[in-house]
Every structure is written in structure tokens, then in C-alpha cells.
Amino acid sequence: MNFSILTIFPEYFDVLKSGLIGKAIESHKFTVDIVNIRDFSQDKHLKTDDYPYGGGAGMVMTPDPLVRAIEGTDPEHKAKRIYLSPKGKTLNQNVVESLAKENNLLLVCGSYEGIDERVIELCIDEEISIGDYVLTGGELPALVLLNTVARYVDGVLGSSESTSEESFSNNLLEYPQYTRPAEYRGLKVPDVLLNGNHAEINKWRQEQSLKITKERRPDLLKWI
Ligand code: 4GX
């Protein structure tokens, strides 16, 4: 899998050098190409934004550097081209699983009041939102999307942390987890987890999942 990320803040993505994702990139499980949109500006001051037609607060990203960056990075339109925006379809684990089937994702990060609408019309396949709140730019949403999709790339997760047994893969929230010590500040680990009876443990965990989902996210149970 190959990710291309188009941004005017390439240093935001230094965070990809650390953790599980950093290890996976280092060992060539997938590639990430960070593209500086400013490099495609033909303006003498390398400008990438301008005042909005019709007036209003803030600036809008100019179409030409963006379109040239997208077409320069993905000349044959092999990638699914995504614009991160609060107006998009909300990201959830089903959307993540379907994006994980793609070989090439190109993520466009917009700043300020957004990008010229014609870029979306000409170049973008899908708009995706990471949730109903407003950030200063699409960089964090792009990192969130990459992180969630990368977990489905072969070899990124170890077998013990695979995507098949977790929250949302069964449409339920996860049961509580415990590790040593068996008693901490007077609080005991539930007995059932100590007795080694795996049928009983699985039953308990399923019950706990259902209970916490009913309490906190009843909306997730609507499909049952
Ligand atoms: N989920 N942002 C996009 C620029 C912008 C402003 C207005 C379109 C219209 C966001 C989110 C998000 C901040 C990325 C504003 N684009 N993206 N950016 N929530 O808040 O995806």
C-alpha cells in the first residue's frame, strides 16, 4: 500500500517516524510520500492561498498549486484521492476496512477556510471527515486516516493485536482488560479471569461487551 499526503505543513508528518507505524514504514510494509504543495506553486512568492471571492473571513487555498501537486503525484489517477473535510462522510471502521482494500491513497490536507471548490470537482474522489468538530487543517485527519488504515496492512500488527477480535469488528465495545497484580489498591481482578476456564472467560467477556455497549453506545446495537 502507498500513501501520498499533500500538505503545506510537511513537518507535521515527522510523527510517522515513531511507534508501530514508524517501524512498519522502516521495514517497508507500506510507503508514505509527503508532498509539499508549495513546491508546485508558480507564484514568485510561492503563495498557495488567496482571498475568498464574495468576501468573508480567512483565506482559501488556490487551485493551481493543488491541482498540479495532485496530478504531479498521481499522473495516471491510480490512487483514490481523498479530501479531509468536515463536510465529508464520517470515518468509521467500515469505511476504514473498505479504504484498506485500495493500493494507493492520496490524501489532500486543506488549511484556512478550505480549498477552491473546483479542485474537489476536478480531482477529488471522496471527501472524508474524522468527526463533527473543526480543526485548523486536514493534517491531523490525514494522520488519523493513515493510522486506522495502516493497521489493516499485512505485518503492521503482530498476531496478538490483530484487527479481527477488537472493538467494532464485532460492532461492540471491548470488555475490560486486566494485568498483574491480581489486587491493586484494594481492587481485585474478576475471579473468572483467574480460573483458566476459557469457555467461561469468553462468556464473561461477551456479557461485559454487551453491557458496556448498551450503557454507553446503544446506537451501535441498532443493527441487532
Ligand atoms: N475531519 N478540517 C479541513 C479546511 C476546510 C474548511 C472548511 C473545508 C471546509 C476536518 C475534520 C477538519 C479543518 C480539515 C478545516 N475544508 N477534516 N480544513 N473534522 O476539521 O476532516
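In this report, we go over the structure that sits alongside the text. (Residues numbered from 1 in each chain as written. Predicted model: local features only at pLDDT ≥ 70, side-chain atom pairs only at ≥ 80, totals over all residues. Heavy atoms only, no water.)

## Concerning the environment of Leu135
This is how the line gets drawn: Only runs of H or I of at least four residues qualify as helices and only runs of E of at least two qualify as strands under DSSP, and these elements are numbered from the N terminus.
Tracing the chain through its elements places Leu135 in the loop between strand 7 (126–129) and helix 5 (139–150). Linking Leu135 and Asn195, residues 60 residues apart in sequence, is a C-alpha distance of 48 Å.

## Digging into the nonpolar core
Here is the rule: Take the buried Ala, Val, Leu, Ile, Met, Phe, Trp, Tyr and Cys residues and link them wherever side-chain atoms come within 4.5 Å; each set so joined is a nonpolar core. Buried residues are those whose accessible area, probed at 1.4 Å on protein chains only, stays under 20% of the maximum for their type, while exposed residues exceed 50% and partly exposed ones sit between those limits. Working rule for contacts: check all heavy atoms of both residues, and any pair within 4.5 Å makes them a contact.
Counting 28 residues, the largest nonpolar core has Phe30, Leu99, Leu105 and Leu145 as the members making the most contacts within it. Going through the elements one at a time, strand 1 (2–7), helix 1 (19–26), strand 5 (80–90), helix 3 (93–99), strand 6 (104–108) and helix 5 are the ones with two or more residues in this core. Counting residues per element, this core draws most heavily on helix 5, which supplies six residues. Residues in contact with Leu99, not counting those within four places in the same chain, are Met1, Lys80, Ile82, Leu91, Leu105, Glu126, Ile128, Leu145 and Val149. Residues Val35, Val67, Ile70 and Leu106 belong to the second largest nonpolar core, which totals 18 residues.

## With respect to the sheet that holds strand 1
Quick reminder of the rule: Two strands qualify as a pair provided DSSP detects at least 2 bridges between them. Angular values range over 0 to 180 degrees, each being the angle between N-to-C directions of two axes fitted as lines to C-alpha atoms, with helices fitted over their stretch in contact.
In spatial order, the strands read 2-1-6-5-7; together these five strands make up an open sheet with parallel pairing. Among the strands making up the open sheet, the edge pair consists of strand 2 (31–36) and strand 7. Going across the sheet, the axis of each strand differs from the next one's by a mean of 30 degrees, ignoring polarity. Bridge count between strand 1 and strand 2: six bridges; the pairing is parallel. Paired with Asn2 across the two strands is Thr31, which belongs to strand 2. Most of the contacts of helix 5 go to strand 1, to which it runs at about 175 degrees, and overall it touches strand 1, strand 2, strand 5, strand 6 and strand 7.

## Quick word on the pairing of strand 5
What counts is decided by this rule: Crossover handedness is defined here as right-handed if the route from the first strand over the helix to the second strand goes clockwise, with the strands pointing away from the viewer.
Relative to strand 6, strand 5 runs parallel, the two sharing four bridges. What sits directly across from Ile82, in strand 6, is Leu107. Note that the unit made of strand 5, helix 3 and strand 6 has a crossover that is right-handed. In this structure, strand 5 lies alongside strand 7, joined through five bridges in parallel fashion. Pairing of Tyr83 across the sheet is with Glu127, part of strand 7.

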